[in-house]
Amino acid sequence: MLTPLDYFEIEQLAYRYGYALDTGADNGFAYADLYADDATFTGTNQGPSGRTYQGRERLAALARGGKRGPNFMSHWVTNVVIEPAPGGAIGKAYVGIFDIGNGGNGAKSRVDHGGIYNDVYVKTAKGWRFKSRSFFESTSGAPVQPPPAMLAAPRALSASSGSPSANRESRISNPGRLTAEDYIEIQQLVARYPYALDQNADQGLSYANLFTTDAVFRQPRTEGRQNLATMASRAPHGPRYTRHFLANHVIEATPEGATGKQYLVAVDIGEMGQPSSIYLGGHYDDVYAKTPEGWRFKTRTFIASVTGTEAK
Amino acid sequence: MIVRYTRLALIVGVSVLTLVWSVHAQTPGKPAGKPAALTAADYIEIRQLVARYAYAVDTGAENGNVYASLFADDGAFADRMGRETKGRDALAALARRNTRGPQSAFHFIVNHVIEPTSDGAVGKEYLVQLRIGEGERPNDIFGGGHYEDIYVKTPDGWRFKRRQFIPSEGGPKPQAEVAR
């Protein structure tokens, strides 16, 4: 049995993975600490029979081994499916692995590669962790290894898992943590952002209303709902336009509310069979505030991806 | 809707909600009334439904039947021209035609907005299609756009009642691009 909070916390683990790997933070140990003790990562695409990394030191070395940098954006993760399993949970996620040039400063950006993660999750004293994660490179042909088994259509969760009383209990047992309702509202706030900007049906009003009245957006530094609405209306938009693709939405509780971040890949989608291109990539850093209207952006800052160093 | 979720957390018990849902489930096509609230479990199930769509359509697993099982019995997929494929047999055939291989990842779905309606829920997402590992072709972005969905709660869980894909079309070109 998984509670709603279990789903959100496992999703968070899958989203943190990108930042930990792309920054190589804490000398790779931020990445290693997403795994339980003795857990494994397997790259089924590494060598003829794949390669497995086990243990904190080896996993940290893996995170130090690739392209990385404090603002590098590469492992863009979505389609996270989760299912309860004996001992914890299993799941899958899609990963697009981008090579984003220096923040759109004329450098070429591209899809490097990507595929599917096949995961086993375990709940430890510190929270949900990977027990194993295996990467399967996407291929249109016959797989080299047996492909991960499909998960069936989602089953109905038990009625009790949605009850407010369950959430109250988790609030009491986890002071300072977010409830399932907080995760939902903040996810929905961020999910609405691209529509308000790209489709902008109301002169930027919906866009501006995603922010608190005293919010600050950067860059360019823009304050106040009227200025935000004006800024949104100057950006390209149309009723069927899609440009801002957000993934890896990490949310953390703070004493004042919550903070969060997402990876952005802004894509100029080719129309009528024309090629598509990456306009921009990077991440947003957010501060959220709970207002009488619901959760809103208090600050939102875009930081363009900068390719870091590649370890020898 | 954000306000609604807050109210849900504060005042509504799940047993009441279940009752409201069952009433609405039994009266399809009733005139639009006050939207029911969604529980956290509803929200998670709908997110899981949408995430699973990608695997089902890309792999065409089980002869397309995994894809078909994500739809209600009378569910339909509408393509970019609005042409509908309706019913599970036709949907399974669609998935068999569209599969890119049992280990392919092509449909990357993000920005999932969910809203309750009087008899279920609606949602929308962005789709970007990444072409990875397709022969000698360099990996690239094939295309994208957005989905508009109608969800229905069945005895087996939430399913698509209708999903339509709408390809991206550019907005008016601005004089200066400032917002991100």
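Residues numbered from 1 in each chain as written. Chains lettered and ligands numbered in written order. Predicted model: local features only at pLDDT ≥ 70, side-chain atom pairs only at ≥ 80, totals over all residues.

Overview of the overall build of chain B
On a plain count of helices and strands, chain B comes out with five helices and six strands. Buried residues in chain B amount to 48% of all 180 residues. If you take every contact in chain B between residues at least 6 apart in sequence, the share linking residues at least 24 apart comes to 55%. (Helix = DSSP H or I, 4+ residues; strand = E, 2+ residues; numbered from the N terminus. Buried ≥ 20, exposed ≤ 12 C-beta atoms within 10 Å, placed from the backbone. Contact = placed C-beta atoms within 7 Å.)

Thoughts on the overall build of chain A
Of regular secondary structure, chain A possesses seven helices and 14 strands. Residue burial in chain A is summarised as follows: out of 312 residues, 48% are buried. A separation of at least 24 residues holds for 60% of the contacts in chain A among residues at least 6 apart in sequence.

What to know about the sheet that holds strand S6 (residues 110-124) of chain A
Residue and element names in this part refer to chain A. The sheet built from six strands is open, its strands ordered S2-S1-S7-S6-S5-S4 with mixed pairing. A single partner strand is all that each edge strand has here, and the edge strands are strand S2 (51-54) and strand S4 (75-85). Neighbouring strand axes in the sheet, compared pairwise and without regard to direction, differ in orientation by 20 degrees on average. Bridging between strand S1 (residues 35-43) and S2 involves four bridges; their strand directions are antiparallel. (Pairing = 2+ DSSP bridges. Axes fitted to C-alpha atoms, helices over the stretch in contact; angles between N-to-C directions.)

A few points about the nonpolar core
Residues Val77(A), Ala56(B) and Tyr67(B) are the most contacted members of the largest nonpolar core, which totals 125 residues. Examining the composition of this core, we find that 13 residues originate from one element, helix H3 (residues 40-59) of chain B, more than from any other. Split by domain, the residues of this core number at least three in each of domain 1 (4-179) and domain 2 (181-310) of chain A. With near-sequence residues (within four places) excluded, Tyr67(B) lies in contact with Ala56(B), Val57(B), Gly60(B), Leu91(B), Ala92(B) and Ala95(B). (Core = buried A, V, L, I, M, F, W, Y, C linked by C-beta atoms within 7 Å. Domains from an automatic or database assignment.)

Comments concerning the environment of Pro154(A)
Residues and elements named next belong to chain A. You can see Pro154 is positioned in the loop between strand S7 (127-137) and helix H4 (164-173). Residue classification places Pro154 among the buried residues on the basis of 23 C-beta atoms within 10 Å. In the structure, Pro154 is positioned 153 residues away from Thr307 in sequence and 38 Å away in space, judged by C-alpha atoms.

Quick word on helix H7 (residues 225-234) of chain A
All names here are of chain A. Residues of H7 that are buried include every one of Leu228, Ala229 and Ala232, and no others. Looking straight down H7, one finds that the buried residues subtend no more than 100 degrees of arc, so they occupy a single side. Here the buried face of H7 lies against helix H5 (180-198), helix H6 (205-208), strand S8 (211-218) and strand S9 (222-223). (Arc of directions from axis to C-beta.)

Focus on helix H1 (residues 4-23) of chain A
Residue and element names in this part refer to chain A. Taking 1.5 Å as the rise per residue, H1 with 20 residues should run 28 Å; its terminal C-alpha atoms sit 29 Å apart, in good agreement. Remark: the principal bend of H1, roughly 25 degrees, maps to Arg16. Burial of H1 is extensive: 17 of the 20 residues sit out of reach of the surface. One or two residues past the end of H1 sits Gly24, with phi positive at roughly 60 degrees. (Expected span 1.5 Å × (residues − 1). Bend = angle between axes of the 7 residues up to and from the residue.)

Things to note about the domain arrangement of chain A
All names here are of chain A. Here the domain parsing of chain A yields domain 1 (4-179) and domain 2 (181-310). Each side of the interface is counted separately: domain 1 has 28 residues, and domain 2 has 26 residues. When residues of the side of domain 1 that touches domain 2 are traced back to their parent elements, those giving at least two are H1, strand S3 (67-68) and S4. Residue composition of the side of domain 1 that touches domain 2, by class: ten nonpolar, 13 polar and five charged. (Nonpolar A, V, L, I, M, F, W, Y, C, P; charged D, E, K, R; others polar.)

Examining the environment of Val216(A)
All names here are of chain A. Summarising the element assignment, Val216 is placed in strand S8. A C-alpha to C-alpha distance of 15 Å links Val216 and Tyr193, two positions 23 residues apart in sequence. The residues touching Val216, leaving out its near neighbours within four places in the chain, are Arg221, Glu223 and Thr299.

Digging into the sheet that holds strand S13 (residues 294-304) of chain A
Residue and element names in this part refer to chain A. Pairing in this open sheet of six strands is mixed, and the strands run S9-S8-S13-S12-S11-S10 from one edge to the other. Strands with a single pairing partner mark the edges of an open sheet, and in this sheet they are S9 and strand S10 (244-253). Taken together, the four bridges between S8 and S13 define a ladder with parallel strand orientation. The residue bridging Phe211 from the neighbouring strand is Phe297, located in S13.

Brief notes about the pairing of strand S3 (residues 107-117) of chain B
Residue and element names in this part refer to chain B. The element S3 is extensively covered by neighbouring structure, given that nine of its eleven residues are classed as buried. Looking at chain direction, S3 and strand S4 (residues 120-131) are connected through nine bridges and run antiparallel. Counted as the bridge partner of Val110 is Tyr126 from S4. Hairpin connection between S3 and S4: a loop of two residues separates the two successive antiparallel strands.

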